[in-house]
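Structural features, examined
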Amino acid sequence: MITPILLCGGSGTRLWPLSRKSYPKQFAPILGEETLFQASAQRLQGAGYGCPVVITGSDFRFIVTEQLQAVGIDPGAILIEPEGRNTAPAVLAAALHVAKSDPEGLMLVAPSDHVVPDAEAFRAAVEAGCTAANAGQLVTFGITPTHPETGYGYLELAEPPKSGAPVPLSRFVEKPDAARAAEMLADGKHLWNAGIFLFRACDIIAAYEKTAAQLMEPVRNAYEAAQPDLGFLRLAPEPWGGAEDISVDYAVMEQADNLSVVPFHAGWSDLGGWDAVWRESEPDARGVATTDNATAIDCDNTLLRSESERVELVGIGLDNIIAVAMPDAVLVADKSRSQDVKKAVAALKEKSALQATSFPKDHRPWGWFESLVIGERFQVKRIHVHPGAALSLQSHHHRSEHWIVVQGTAKVTVDEDVKLVSENQSVYIPLGAVHRMENPGKVPMVLIEVQTGSYLGEDDIVRYEDVYARS
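What you see is a predicted model; the values in this text were computed from it and never measured.

**Describing the overall build of the chain**
Of regular secondary structure, the chain possesses 11 helices and 28 strands. In summary, the chain has a C-alpha radius of gyration of 24 Å against a globular reference of 23 Å for 471 residues, a match within 12%. The principal-axis extents of the C-alpha atoms in the chain amount to approximately 75 × 60 × 40 Å. Residues classed as buried in the chain amount to 52% of the 471 residues present. Across the chain, every contact between residues at least 6 apart in sequence was considered, and the portion connecting residues at least 24 apart equals 68%. Carbon and sulfur atoms provide 50% of the accessible area of the chain, an area that totals close to 20900 Å². In the chain, the 40 positive side-chain charges and the 62 negative ones have mean positions that sit 2 Å from each other.

Dropping the structure here:
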């Protein structure tokens, strides 16, 4: 039995403004209706696969469960990282978890933000690597390159690749310049490093003990002191904070002497930049890819995306351009500079722009909200509450609220008064009143909230009771 290990703690800054720290790319439907995370989880399902173990941050724990439930997948465990420490501590924590019940259990470690169009071919490649993994090899998967990519690391093979069979790895190669990438594409001995691994739990733990022993104590202590929390497993923050921030490639793989590579030829992308999204979006004969709310006029080799029904994006006479419009931010870049989008995020952070990290739609365990208008001493929000969900019982020191239900029915508590509020009805929440909204129905409930007061920040909340155990 193979236990899928899904890593989903990255921020995906190279796909800004669609991907941000508060809601990274793996949870967005970038290609098709499913999110990258959902597609990754479904790819690792079927005969021979167990329930996935997910490693993520606290802010995303309810998004993970909601998205898995939406595609009918029950997770085996969700490990919560107190803070991001890169992939090496995360993989080790997952290995300790698997080894607790089955030391020789196979683990398939995969990022949750990759695109693999042919899931059946991918599972066949995994099956091809199982014999080597069961014999103690650390198996990685190399992608047959289709162009001289400078944004990926490479795997240099010790011998020419065979048809789907594992081959020995000679060495890892760092991201090359354009000339070197072209040479590696031509020689046929180099594959893209996909960052996907297959091994037994006992073998990867042994590899850590040999090449990254400094990680063993903090990660083991963090796992052994982990606390259950509403079905999640929170790794202990103090020992976890002492773990080195390092990738599994640097910590283990580049120093291991028992590595094999399974070549994979059926298509793959890590969507590591908007140029990759353009390639995967099936451009037309002129190389133009658009979304429903975007229009291209006399354009070539261009990606136009509008992520809002209220924003119509039009490009005229563009060539080799990426343009992405969100309700609160717009990116326009030369397609050849796609890898520099992370510089835009850094520049926005320097000027303390909220758009650098915060998504316009704020996802919560009970649903989501978005700000429609923000002014001096007032704010207007749209709030979407899932069927059966409830916000915390709370009060505010600095604001009052007026709720207007526009879809469904809300069960509203204001101090001692509890009542149902239907569509086109409203209720007033005075400053300091203890209140809660719930959706008792079987369809989503939507309301418009008008806040007024001297301070309207999200931290002006005193919680008295919360079904999601938030502090």
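What follows continues from the structure just given.
**A few points about the sheet that holds strand β12 (residues 288–290)**
The 4 strands are arranged β12-β14-β16-β17 in an open sheet whose pairing can be described as mixed. Unpaired on one side and paired on the other, β12 and β17 (330–334) mark the two borders of the sheet. Strand-to-strand twist across the sheet, computed as the mean angle between neighbouring axes with direction ignored, equals 5 degrees.

**Points about the environment of Pro52**
Tracing the backbone shows Pro52 in the loop between α1 (36–43) and β2 (53–57). For Pro52, the contacting residues outside a window of four places in its chain are Pro4, Leu6, Gln45, Ile73, Asp74, Pro75, Gly76 and Ala77.

**Let's talk about the pattern of salt bridges**
Evaluation of the coordinates by the stated rule reveals 21 salt bridges. With its nearest N and O atoms 3.4 Å apart, the salt bridge here joins Glu149 to Arg279. Linking Glu149 in the loop between β5 (138–143) and β6 (154–157) with Arg279 in helix α10 (residues 274–280), this pair joins segments that are 130 residues apart in sequence. Under the relative-accessibility criterion, Arg279 is labelled partly exposed at 32%. Its salt-bridge partner being Asp340, residue Lys343 comes within 3.6 Å of it at the nearest N-O pair.

**Some thoughts on the domain arrangement of the chain**
Buried accessible area, meaning the area lost when the parts come together, often serves as the stated size of an interface. By domain assignment, the chain separates into domain 1 (2–264), domain 2 (281–351) and domain 3 (361–465). Taken over C-alpha atoms, the centre of domain 1 sits 30 Å from the centre of domain 2. Contacts between domain 1 and domain 2 engage 9 residues on the former and 15 residues on the latter. Each partner contributes to the roughly 1100 Å² buried at the junction of domain 1 and domain 2, and carbon and sulfur atoms together form 65% of this total. Across the contact surface, domain 1 and domain 2 share 1 salt bridge. Measuring nitrogen to oxygen at the nearest pair gives 2.8 Å for the salt bridge that ties Arg20 to Asp328. Remark: the boundary between domain 1 and domain 2 carries 3 residue pairs in polar contact (both at pLDDT 80 or more). For the side of domain 1 that touches domain 2, the class distribution of residues is 6 nonpolar, 1 polar and 2 charged.

**With respect to the packing of aromatic side chains**
Scanning the model with the defined rule gives 11 aromatic pairs in all. Ring centres of Trp192 and Trp268 lie 6.2 Å apart, and the angle between their planes is 50 degrees; this geometry places the pair in the tilted category. Taken together, the residues Trp192 in strand β8 (residues 190–200) and Trp268 in the loop between β11 (259–264) and α10 connect sequence positions 76 residues apart. A residue is classified by how much of its surface remains accessible, and Trp192, at 2% relative accessible area, is buried. Every member of this aromatic cluster is reached through a ring pair, and the members are Tyr23, Phe27, Phe37, Phe60 and Phe359. Here the guanidinium or amino end of Arg43 rests over the ring plane of Phe122, the centre of that ring lying 5.9 Å away.

**As for the nonpolar core**
Within the largest apolar cluster, 89 residues are counted, with the highest numbers of intra-cluster contacts made by Leu108, Phe141, Leu198 and Trp274. At 6 residues, the largest contribution of residues to this core is made by helix α4 (residues 119–134). Discounting chain neighbours no more than four positions away, the residues touching Phe141 are Leu108, Ala125, Val126, Leu155, Trp192, Ala194, Ile196, Phe197, Leu198, Val261 and Val262.

**Brief notes about a nonpolar patch on the surface**
A surface patch of nonpolar side chains, amounting to about 280 Å² of accessible area, comprises Ile297, Val314 and Ile316. Looking at the element boundaries, Val314 is found in strand β15 (residues 313–316). Val314 sits in the partly exposed class, given a relative accessible area of 46%.

**What to know about the packing of helix α3 (residues 87–101) against helix α7 (residues 216–224)**
Put simply, α3 and α7 touch, their axes get as near as 10 Å, and they point 55 degrees apart. One way to sum up the angle between α3 and α7 is to call them oblique. Crossing of α3 over α7 shows right-handed handedness. Side by side, α3 and α7 meet where Pro89, Leu92, Ala93, Leu96, His97 and Lys100 of the first sit next to Met216, Val219, Arg220 and Tyr223 of the second. Residue classes in the contact of α3 with α7 are distributed as 7 nonpolar, 1 polar and 2 charged.

What counts, and at which threshold
Residues numbered from 1 in each chain as written. Predicted model: local features only at pLDDT ≥ 70, side-chain atom pairs only at ≥ 80, totals over all residues. Heavy atoms only, no water. Helix = DSSP H or I, 4+ residues; strand = E, 2+ residues; numbered from the N terminus. Rg over C-alpha atoms; globule rule 2.2 N^0.38 Å. Buried < 20%, exposed > 50% of the residue type's maximum accessible area, 1.4 Å probe, protein only. Contact = heavy atoms within 4.5 Å. Areas by Shrake-Rupley, 256 points an atom, 1.4 Å probe, with all protein chains shown as cover. Lys, Arg positive; Asp, Glu negative; His and termini not counted. Charge placed at Lys NZ, Arg CZ, Asp CG, Glu CD. Pairing = 2+ DSSP bridges. Axes fitted to C-alpha atoms, helices over the stretch in contact; angles between N-to-C directions. Salt bridge = Lys/Arg side-chain N within 4 Å of Asp/Glu carboxyl O. Domains from an automatic or database assignment. Buried area = accessible area lost by both parts, 1.4 Å probe. Polar contact = N/O pair within 3.5 Å; in protein donor to acceptor, adjacent residues only side chain to side chain. Nonpolar A, V, L, I, M, F, W, Y, C, P; charged D, E, K, R; others polar. Phe/Tyr/Trp six-rings, centres within 6.5 Å; stacked < 30°, edge-to-face > 60°. Lys NZ or Arg CZ within 6 Å of the ring centre and 35° of its normal. Core = buried A, V, L, I, M, F, W, Y, C linked by side-chain atoms within 4.5 Å. Patch = residues over 30% accessible without salt bridge, like charges linked within 9 Å, V, L, I, M, F, W, Y side chains within 5 Å. Parallel < 35°, antiparallel > 145°, perpendicular 65-115°, else oblique. Left-handed = near helix turned anticlockwise from the far one by under 90°.

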